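These are the residues of each chain, in order.
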There are 2 protein chains.
Amino acid sequence: MRATVYHGKCDVRIDQVPDPQIKEPGDAIVRVTHACICGSDLWPYRGMDQYQEGWRLGHEFMGMVEEVGKDVHTIKPGDRVISPFTYSDGTCEFCQKGLYTSCLHGSIWGGAANDGGQAEAVRVPMADGTLVKIPEEASNDEKLLKSILPLTDVMGTGHHAAVCAGVTQGGTVAIIGDGAVGLCGVLAAKRLGAERIIVLGHQPKRLAIAKSFGATDIVEERDAEAIARVQDLTKGGAHAVLECVGTKAAMDMAIDVARPGGGVGYVGAPHGSENLKFSRLFMQNISLRGGIAPVRAYIPDLLKDVIAGKIDPSPVLDMTVDLNGVPSGYAAMDKREAIKVMVQPQK
Amino acid sequence: MRATVYHGKCDVRIDQVPDPQIKEPGDAIVRVTHACICGSDLWPYRGMDQYQEGWRLGHEFMGMVEEVGKDVHTIKPGDRVISPFTYSDGTCEFCQKGLYTSCLHGSIWGGAANDGGQAEAVRVPMADGTLVKIPEEASNDEKLLKSILPLTDVMGTGHHAAVCAGVTQGGTVAIIGDGAVGLCGVLAAKRLGAERIIVLGHQPKRLAIAKSFGATDIVEERDAEAIARVQDLTKGGAHAVLECVGTKAAMDMAIDVARPGGGVGYVGAPHGSENLKFSRLFMQNISLRGGIAPVRAYIPDLLKDVIAGKIDPSPVLDMTVDLNGVPSGYAAMDKREAIKVMVQPQK
């Protein structure tokens, strides 16, 4: 089959690789119908992560179950399924608590050992603990499927940021980052009842989506002026701040616009954010919660709301490619010409 | 009157200073009967904070109300009172939420502008929002007063660490730091129902107190061996970790012994802890909460429990001096010969 393979900085290719096969009785083979390129795929693409030549790419996908091992009971061939960006056993202490990303036997898709989602098919280990069946009513609705696709990662990740930041009914929220996760954070904050949602960003197209998702205020200033503007709008800081970038500048900004006693929910993969503005965190008792989002835990509820038409994150997918178009999709996201790219490997 | 004044690194003196006087209608003058030297007083003592010559010292005190301004209604001359280590108006948004340390008009005792607690008397601004009256039944019981004294700071701070770490009934707790705050953290964790309380430390005298306070396990190993031991004892990390030191080594240790999905409650004044072990925090969704403890919020409940004999933090006060003995008290704590020093300025 064909799959996206990393060859070096700014060099991803569609290579021929061995077809996936059932290896363990808990495995499933999924033919990928929809996948995405993730903002976090840009870290290796830009040479900022220790990614190695030959590793597979892509951790967001949905598809049709083609074959299952003898121990798989919750899905069967012909089912339409969605995968979170990690696989997990579903039975360990952490999965039972909903922290699927800390699964004792799980991992993220792609890399050296696992298939990637930007491919024709994927071998899914521990399929019962990983995959969620998409209800029949949505299974053949292309528009709905596009709305469901962000639940593989960015919608669940934005939701995790909102939960970890402590978004509450009637509260004030600030969101750092106008990428797909930040935009989904707007939807999540609105869904959780936030009354005022302030988005910090600069690109008109993204800010238009933010507004359509429920942003009440847009702050286009930068640096100290942006902080002053949020502090002014909120009269002392936002109750909940979603940090959806991962850089030190973004984390510092998040801490600076949080209200004393408030919370920062961070989900951006840390790249320099290790060195915190600690004095403000400490002096104002601002909590820091978050991390890699256990989106598997969130899929069932979010899926219901997408199917019911209550949320629709699909506007973040503003470019669509087939498998051959994946390299151009990476380039478009790298240049910020696209917010997020949908991949349709069967087209 | 006489008060403790900072003159430079390892140089604190008892100087003659002007008597405190009522300046604002909300003020009270308190004659200090009991005060403490705090572990955090050692930062300026050791020249590690920007403290300047002439600044007052001491932020933990109790005493007798001598005089009150015309707007003071909750206390009167002759009352025995306890002060938290900050003063606060009691009425602003943050005080109303219990976050007294973020009071819009408050500050910590001592420094350039405020009286310090290691003195004969203190002018207390916003006395109604700051001071708590000690019930008559305890007011003349010297033994009980010594047990109440740690509520000015270390007992409330240890409690804050426990609350922020998310200590729960039946949970497993690890405590980094065997100073007065860490030891009070043991009492707090036990009070909140923790089943297993692991203390990391090395000094036999402190560890004996930890055991008497409810520690179930003592880990005397250091560095990687200590982490391995806690990981082994807890089979994967403690649910709640109390970081009661403030150094980078202590914060790293706290993160390393926390269970995935668990929490670190940190209360040590940050001195190098700004640079976090972020990858583990992120990958295992370990929350980081804490900061300067709003002990004013905790005094009423903890005071009831001390008076009822349910908790007694007084063993952390293992040395007593009069005002002239304050410099030797600092030296004893600096050399770790004393855990915490009680000061009796009227003796």
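Keep in mind it's a predicted model, so treat the numbers as computed, not measured. (Residues numbered from 1 in each chain as written. Chains lettered and ligands numbered in written order. Predicted model: local features only at pLDDT ≥ 70, side-chain atom pairs only at ≥ 80, totals over all residues. Heavy atoms only, no water.)

### Thoughts on the relation of the copies chain A and chain B
Piece 1. Superposition record for chain A on chain B: RMSD 0.0 Å, screw rotation 180°, translation along axis 0.0 Å. Overall, the copies show the geometry of a two-fold rotation axis. When C-alpha distances to the rotation axis are compared across chain A, the minimum falls at asparagine 275 of chain A, with a value of 2.1 Å.
Piece 2. A shared binding surface is used by both copies, with 100% of the interface residues of chain A retained as interface residues in chain B. (Least-squares fit on C-alpha atoms with pLDDT ≥ 70 in both. Contact = heavy atoms within 4.5 Å.)

### A few points about the UniProt feature "domain: Alcohol dehydrogenase-like C-terminal" (unreviewed entry) in chain A
Piece 1. Per the UniProt entry, the sites bearing "domain: Alcohol dehydrogenase-like C-terminal" (unreviewed entry) are residues 180-302 of chain A in this numbering.
Piece 2. For residues 180-302 of chain A, the end-to-end C-alpha separation is 16 Å, with 46% helix and 22% strand making up the annotated structure. (UniProt positions renumbered as here; feature names shortened; annotations may be inferred. Helix = DSSP H or I, 4+ residues; strand = E, 2+ residues; numbered from the N terminus.)

### With respect to unusual backbone geometry
Piece 1. One non-glycine residue, methionine 126 of chain A, adopts positive backbone phi at about 50°.
Piece 2. As for its position among the elements, methionine 126 of chain A is in the loop between β8 (121-124) and α3 (127-130).
Piece 3. A residue is classified by how much of its surface remains accessible, and methionine 126 of chain A, at 21% relative accessible area, is partly exposed.
Piece 4. Even without glycine at this site, arginine 336 of chain B takes up a positive phi of about 60°.
Piece 5. Tracing the backbone through its elements, the reader meets arginine 336 of chain B in the loop between α13 (326-334) and β17 (340-344). (Buried < 20%, exposed > 50% of the residue type's maximum accessible area, 1.4 Å probe, protein only.)

### With respect to the side chain of serine 139 of chain B
All names here are of chain B.
Piece 1. With respect to the helices and strands, the residue serine 139 is situated in helix α4 (residues 136-139).
Piece 2. Taking the relative accessible area as the measure of exposure, serine 139 reaches 5% and is therefore buried.
Piece 3. Apart from residues lying up to four places away in sequence, serine 139 is in contact with Arg80, Ile134 and Leu145.

### Examining the environment of glycine 265 of chain B
All names here are of chain B.
Piece 1. Checked against the element boundaries, glycine 265 lands in strand β14 (residues 258-266).
Piece 2. When the C-alpha atoms of glycine 265 and glutamate 243 are compared, they prove to be 6.0 Å apart, with 22 residues separating the residues in sequence.
Piece 3. In this structure, glycine 265 is in contact with Ala161, Cys164, Ala165, Val241, Leu242, Glu243 and Arg289, ignoring residues within four places of it in sequence.

### Considering the pairing of strand β16 (residues 319-322) of chain A
All names here are of chain A.
Piece 1. The sheet contact formed by β16 and strand β17 (residues 341-344) spans four bridges and is parallel. Residue pairing in the sheet places threonine 320 in a bridge with methionine 342 of β17.
Piece 2. Once the chain exits β16 it traverses helix α13 (residues 326-334) before rejoining the sheet at β17, and the crossover so formed is right-handed. (Pairing = 2+ DSSP bridges. Right-handed = clockwise from strand over helix to strand, strands pointing away.)

### A closer look at the interface of chain A and chain B
Piece 1. Each partner contributes residues to the interface: chain A has 34 residues there, and chain B has 34 residues.
Piece 2. Contact between chain A and chain B buries roughly 2,600 Å² in total, counting both sides, with carbon and sulfur atoms accounting for 60%.
Piece 3. When residues of chain A are sorted by the area they lose upon contact with chain B, Phe278, Phe282 and Asn285 of chain A head the list and together hold 26% of the total.
Piece 4. Put simply, chain A and chain B have two salt bridges between them.
Piece 5. As a salt-bridge pair, glutamate 93 of chain B and arginine 259 of chain A come within 2.6 Å of each other at their nearest N and O atoms.
Piece 6. Counting the contacts that link chain A with chain B gives 11 residue pairs in polar contact (both at pLDDT 80 or more). (Buried area = accessible area lost by both parts, 1.4 Å probe. Salt bridge = Lys/Arg side-chain N within 4 Å of Asp/Glu carboxyl O. Polar contact = N/O pair within 3.5 Å; in protein donor to acceptor, adjacent residues only side chain to side chain.)

### Quick notes on the packing of aromatic side chains
Residues and elements named next belong to chain A.
Piece 1. Taken as a whole, this structure holds 14 aromatic pairs over all chains when the rule is applied.
Piece 2. Both rings, one in tyrosine 45 and one in tyrosine 330, keep their centres 5.2 Å apart while their planes meet at 35°; by these two values the pair is tilted. Here tyrosine 45, found in helix α1 (residues 42-45), pairs with tyrosine 330, found in helix α13; they are 285 residues apart in sequence, far enough to count as distant.
Piece 3. What makes tyrosine 45 buried here is its relative accessible area of 6%.
Piece 4. Here a set of aromatic residues connected by ring pairs shows up, and it is made of Tyr6, Tyr51 and Trp55. (Phe/Tyr/Trp six-rings, centres within 6.5 Å; stacked < 30°, edge-to-face > 60°.)

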